[in-house]
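Summary of the model geometry
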Amino acid sequence: MRWFLVSALLLGVHLCAVAANTAVKQPLPPAAYLKTHHYLKSCPNLETIIHRKVNAYVRKDYTLAASIIRLHFHDCAVRGCDASVLLNHRGSERMAGASKTLRGFRLIDEIKAEVEKQCPRTVSCADILTAAARDATVLAGGPFWEVPFGRKDGRISLAREADTVPQGHENITSLLAYFDKLGLTFVDMVVLSGSHTIGRSSCFALKQRLHNFNGTQKPDPTMNIKYVNLLRKKCRSDADLVDLDVTTPTKFDAAYYANLGKNLGLLSTDQLLYSDERTGGVVSIMGMQPEFFATQFAVSMVKLGNANQPADLQAQKPAVQWNMQQSVELQAQKPDAPWNLQQSVILLDLKPAVHWNKQQPAELHGLKPAAHLNQ
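What counts, and at which threshold
Residues numbered from 1 in each chain as written. Predicted model: local features only at pLDDT ≥ 70, side-chain atom pairs only at ≥ 80, totals over all residues. Heavy atoms only, no water. Phe/Tyr/Trp six-rings, centres within 6.5 Å; stacked < 30°, edge-to-face > 60°. Helix = DSSP H or I, 4+ residues; strand = E, 2+ residues; numbered from the N terminus. Buried < 20%, exposed > 50% of the residue type's maximum accessible area, 1.4 Å probe, protein only. Lys NZ or Arg CZ within 6 Å of the ring centre and 35° of its normal. Disulfide = S-S within 2.5 Å. Expected span 1.5 Å × (residues − 1). pLDDT = per-residue confidence, 0-100. Contact = heavy atoms within 4.5 Å.

The final tally for this structure, using the stated rule, is eight aromatic pairs. Both rings, one in W145 and one in F297, keep their centres 6.3 Å apart while their planes meet at 70 degrees; by these two values the pair is edge-to-face. One end of the pair, W145, is in the loop between α5 (125-139) and α6 (159-162); the other, F297, is in helix α14 (residues 290-305), with 152 residues separating them in the sequence. The same class applies to W145 as to F297, namely buried. Consider the rings of Y256 and Y257, whose centres lie 5.0 Å apart with planes at 75 degrees: the pair is edge-to-face. As far as the burial class goes, Y256 and Y257 line up, both buried. Among the aromatic residues, those joined into a cluster by ring pairs are W145, F252, Y256, Y257, F293 and F297. Across from the ring centre of F105, 3.8 Å away, lies the NZ or CZ of R94, which sits over that ring.

See the structure below:
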């Protein structure tokens, strides 16, 4: 309850800052120039092409949905969402140690090839990856949101920068600082971590936590001992994979947060979200309000997709009358809508604004995992 009240208070302070900013004219950030209708005339079939390709791949291997979301995060976490993670040359982000387990490159390449046939030299790879992450979320059972388009592809891709992306062993203070640099709040950090409701991790990432936590030659004492024993059985080698969500690993839901309350967080960063006073209340809120989690996940994904856009986007016409805190509102439904402070009250009364996407293919959750797709 203490965490809940602290989080509600922090959210209230955050909204007061939003209200203050609405009274002061702020320079338009580059993300304000992204538009959901950017390709309406130049490439009208873009989203159809992306959806069909993502759907075909995920039906063959449902684990790829989580991989595409992760690939999108790794792209946006370094120099913004500019597709620099896709560049394949010596010393690029793709060659970094932190990128070794990234998947989905072949899918993005195929989408780009198909898009080029219909719309030559029109659509950026950054926009394709961003929309693919949205479609992957929906196919896994998560929420839908409109994707603002107009990103430009970057030409700078450095492995040393990619190696700064969080790997699951950081403390909360460093994570908060990292997300802040991306223009994301503590709420966004907790919500985006909820993508761990699907996907898998290599056992290498758990090695110290299972066998030698902080040099003690013992497992992490915050872990459920039955969970430790289960993971030790599954992790026969560093290359083995285990589900991030031990209860509903193939379903996009809020069970991830409930697991943290039972000390069933796979990565140490997952479990710290629950135990740290700065984030624990938000974890509790998301676990108690599954539909609110779905709504806020869509909002935070839009914010992630807008992160650190290059200044030269300002050569385009702005999509909206932008406020610096605008993306906190429910742009999951109307990302191009002007800021409405009343909509953000949801962050205080915790009433869900939208529902889960009820039209997900039911057979998706019954798919059997296929072999990893080559990248």
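Anyway, onward from the coordinates.
In the structure shown here, the tally under the stated rule is three disulfides. For C43, the disulfide goes to C119, at an S-S distance of 2.1 Å. With the S-S dihedral at roughly 80 degrees, the linkage between C43 and C119 falls on the right-handed side. With C43 in the loop between α1 (2-22) and α2 (46-60) and C119 in the loop between α4 (105-118) and α5, the pair connects residues that are 76 residues apart, well separated along the chain. According to the relative accessible area criterion, C119 is buried, its value standing at 4%. Here C203 connects covalently by a disulfide to C235, the sulfurs 2.0 Å from one another.

Another point: α14. Across its 16 residues, α14 extends 23 Å between first and last C-alpha, which sits within 8% of the 22 Å expected from 1.5 Å per residue. Here α14 lies mainly inside the structure; 14 of its 16 residues are buried.

Quick look at the confidence of the model for the chain now. Parts of the model with low pLDDT should not have their predicted coordinates read in detail. Summary statistics for the chain give a mean pLDDT of 82 and a share of 74% for residues scoring 70 or more. Throughout residues 17-24 the model reports pLDDT below 50, and contacts reaching past four residues in sequence, or to other chains, amount to nine contacts. Low confidence marks residues 314-375, where pLDDT is under 50. Its contacts with residues over four positions away, or in another chain, come to 155 contacts.

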